[in-house]
Amino acid sequence: MVYYCTSSDVGMRLGLNSAQRTQAASKLTLAIRRATIDIDQVFRDYGRNVPSKSIADTTLNGAVSAGATTITLTSSASFSTTGNGNVDGDSFSWTGKNTSNTNILTGVEGISADHADGVTVQAGEFAHVLREICADIAAAYYMEDEGTFQENSMRGGVLRERGTFNLTRLAHLGSVD
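Residues numbered from 1 in each chain as written. Predicted model: local features only at pLDDT ≥ 70, side-chain atom pairs only at ≥ 80, totals over all residues. Heavy atoms only, no water.

**As for the overall build of the protein chain**
(1) Moving on: For the protein chain, the helix and strand inventory stands at five helices and seven strands.
(2) Moving on: The secondary structure elements of the protein chain, listed N-terminal to C-terminal, are α-α-α-β-β-β-β-β-β-β-α-α.
(3) Moving on: Based on the C-alpha atoms only, the size of the protein chain along its principal axes is roughly 60 × 40 × 25 Å.
(4) Moving on: Taken across its 177 residues, the protein chain has 39% of its residues classed as buried.
(5) Moving on: Residue pairs in contact within the protein chain that sit at least 24 positions apart in sequence constitute 67% of those at least 6 positions apart.
(6) Moving on: Total accessible area on the protein chain stands at roughly 9300 Å², and carbon and sulfur atoms take up 49% of it.
(7) Moving on: Taking the 14 positively charged and 19 negatively charged side chains of the protein chain as two groups, their mean positions are separated by 4 Å. (Helix = DSSP H or I, 4+ residues; strand = E, 2+ residues; numbered from the N terminus. Buried < 20%, exposed > 50% of the residue type's maximum accessible area, 1.4 Å probe, protein only. Contact = heavy atoms within 4.5 Å. Areas by Shrake-Rupley, 256 points an atom, 1.4 Å probe, with all protein chains shown as cover. Lys, Arg positive; Asp, Glu negative; His and termini not counted. Charge placed at Lys NZ, Arg CZ, Asp CG, Glu CD.)

Structure follows, in structure tokens:
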């Protein structure tokens, strides 16, 4: 199953540090799985193909600096020769692949920040939007599960409302690439 976000994405929404994310890993993964299923179901409800079939992902094979014109991937087998994508949420486009090493995307434009080796790279124009939506919905699930005995769950409601609203708009558009 392809997940649309990571525990780091959800942890950022919740204000969790690295140690807290590690401690809550299984609960975060469960929330991410539930959010991913919700996203796929909303697209099916609109009679659309589920986005997971249109999004390719891999990781960086080496760090990338802001303004880079090439990106080296761990594997680019599922990336088209030209397209749009994002590095850890930073949107970019590319116009080709290196002829001697097809794991290098060339003609890259739009990298606005430095990115470390090993971060997620996704192909697909709306992949970063789905990542944000998934993080909102998964954070809401996590807060609901953890907040059963707490009185104030307003933040979780806001995250769910924002994620659901944006998901419905995206599914209605009918395109994720």
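**Concerning the state of the cysteines**
Every disulfide links exactly two cysteines, by a covalent bond between their sulfur atoms.
(1) Moving on: Going through the model one piece at a time under the given rule, you end up with one disulfide.
(2) Moving on: With its sulfur 2.2 Å from that of its partner, C5 forms a disulfide with C134. Looking down the S-S bond of the C5 and C134 bridge, the torsion is -50 degrees, so its handedness is left-handed. Residue C5 is located in the segment before α1 (7-14), and its partner C134 is located in helix α4 (residues 127-146); the two are separated by 129 residues in the primary sequence. The pair C5 / C134 is uniform in exposure class, with both members buried. (Disulfide = S-S within 2.5 Å.)

**Some details on the pattern of salt bridges**
(1) Moving on: Applying the stated rule across the entire model yields eight salt bridges.
(2) Moving on: Put simply, D9 and R131 hold a salt bridge, and the shortest N to O gap is 2.8 Å. You can see D9 sitting in helix α1 and its partner R131 sitting in helix α4, a full 122 residues away along the chain. Judged on exposure class, the residue D9 and its partner R131 are both buried.
(3) Moving on: For D136, the salt bridge identified is with R162, shortest N-O distance 2.7 Å. On the criterion of sequence distance, the pair formed by D136 in helix α4 and R162 in helix α5 (residues 154-173) is long-range, its members being 26 residues apart.
(4) Moving on: A relative accessible area of 3% places D136 in the buried class.
(5) Moving on: Given a relative accessible area of 42%, R162 falls into the partly exposed group.
(6) Moving on: One connected set of salt bridges, linked through shared partners, spans R13, E132, D136 and R162. (Salt bridge = Lys/Arg side-chain N within 4 Å of Asp/Glu carboxyl O.)

**Points about the pairing of strand β1 (residues 56-59)**
(1) Moving on: Burial along β1 is one-sided: the residues A56 and T58 are buried and none of D57 and T59 is.
(2) Moving on: Direction of pairing for β1 relative to strand β7 (residues 120-123): antiparallel, over a ladder of four bridges. Across the sheet, T59 pairs through a bridge with T120, a residue of β7. (Pairing = 2+ DSSP bridges.)

**Brief notes about the sheet that holds strand β6 (residues 104-106)**
(1) Moving on: Taken together, the three strands give an open sheet; going across it, the order is β2-β6-β5, and neighbouring strands pair in antiparallel fashion. Single-partner strands in this sheet number two, and they are β2 (70-72) and β5 (96-97).
(2) Moving on: Note: β5 against β6, two bridges, orientation antiparallel. Bridge pairing links G96 to T106 in β6.

**Points about the nonpolar core**
(1) Moving on: Ranked by size, the top nonpolar core spans 28 residues in total, and within it V10 and I39 carry the most contacts.
(2) Moving on: At the level of elements, α1, α3 (25-45), α4 and α5 are the ones that each hand at least two residues to this core.
(3) Moving on: Discounting chain neighbours no more than four positions away, the residues touching I39 are Y4, P51, L130, I133, C134 and L167. (Core = buried A, V, L, I, M, F, W, Y, C linked by side-chain atoms within 4.5 Å.)

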